[in-house]
Amino acid sequence: MNILVIGANNFIADELINYYLKKICNIYIISRRYNHKIEKKRFININNLEENINSISNLNFDCVFYFINQKSSKKKILKKDNSVLWSLIPFLKKLKIEKFIYFSSISVYQGLKSENINSVDKIKPISTYAMNKLFEEKLIIKELSHFTNCILLRIPMVIGKNM
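Residues numbered from 1 in each chain as written. Predicted model: local features only at pLDDT ≥ 70, side-chain atom pairs only at ≥ 80, totals over all residues. Heavy atoms only, no water.

Teacher, can you tell me more about the environment of I141 here?
Along the chain, the position of I141 falls in helix α4 (residues 128-143). Judged by its relative accessible area of 47%, I141 falls in the partly exposed class. Spatially, the C-alpha atom of I141 lies 16 Å from that of I123, the residues being 18 residues apart in sequence. Setting aside its immediate chain neighbours within four residues, I141 contacts H146 and L152. (Helix = DSSP H or I, 4+ residues; strand = E, 2+ residues; numbered from the N terminus. Buried < 20%, exposed > 50% of the residue type's maximum accessible area, 1.4 Å probe, protein only. Contact = heavy atoms within 4.5 Å.)

Explanation requested: the layout of surface pockets in the structure shown.
Any space left empty among the atoms is revealed by the rolling of a water-sized probe across them. Of the volumes computed, that of the largest pocket is approximately 670 Å³. Lining the largest pocket are 25 residues, with N9, N10, F67, I68 and N69 positioned closest to its centre. Mapped by element, the contributors of at least two residues to the lining of the largest pocket are α1 (11-22), β7 (99-105) and α4. At 3 residues, β7 tops the list of elements feeding residues into the lining of the largest pocket. Taken together, the residues of the lining of the largest pocket break down into 14 nonpolar, 7 polar and 4 charged. (1 Å grid on protein atoms, 1.4 Å probe; cavity = no way out; pocket = protein on both sides within 12 Å on 5 of 7 lines; lining within 4 Å. Points joined across faces, edges and corners; volume = space filled by probe spheres on them. Nonpolar A, V, L, I, M, F, W, Y, C, P; charged D, E, K, R; others polar.)

I would appreciate a short explanation of the confidence of the model for the protein chain in the present structure.
Should the pLDDT be low somewhere, the predicted coordinates at that spot are not to be read in detail. Scored by pLDDT, the protein chain has a mean of 85; 90% of the residues are at 70 or more. Across the protein chain, the element-wise mean pLDDT spans from 84 in helix α2 (residues 49-52) up to 96 in strand β5 (residues 63-66). (pLDDT = per-residue confidence, 0-100.)

Could you clarify how one ought to interpret the packing of aromatic side chains in this entry?
The description of an aromatic ring pair uses the distance of the two centres, along with the angle that the planes make with each other. Counted under the stated rule, the structure contains 8 aromatic pairs. Measuring from centroid to centroid gives 5.7 Å for Y28 and F61, while their planes differ by 85 degrees, and the two rings are edge-to-face. Of this pair, Y28 sits in strand β2 (residues 26-31) while F61 sits in strand β4 (residues 60-61); the two residues are 33 residues apart in sequence, bridging distant segments of the chain. You'll find Y28 and F61 in the same group, each marked buried. (Phe/Tyr/Trp six-rings, centres within 6.5 Å; stacked < 30°, edge-to-face > 60°.)

Right, dumping it as structure tokens:
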């Protein structure tokens, strides 16, 4: 099984890498920083993507997990030019991907006054973070859903050991 993790230096990505390493999967990473749990040859620095993407272009990926979070940026990415995801899409379209999983956030509903939220509720992002997440969700649906199965997860909160 071939797994690609994009943005591998956060809590969920780290736990996911641990899980798939135990399952004896081939894990490849595109990220800014090297994750020491994988072999160096399976790491692609996102800043050198064009030079190194050929090293994985012949692989079939069972799953691609996207974790890059532009939360630290207060800047709205509501233009494609500001989105890391947008810059990756041409490369992703060249890969053979079975499933693309994007970790979004329940914050896209943050303007609602309801305690119970479900997928049919109106989306009402208020913060820059929530607007960025919604922008990238729409980008995925428009650009990637035509050639792979896309799963968008709007997670509410993550709590775990060593957080």
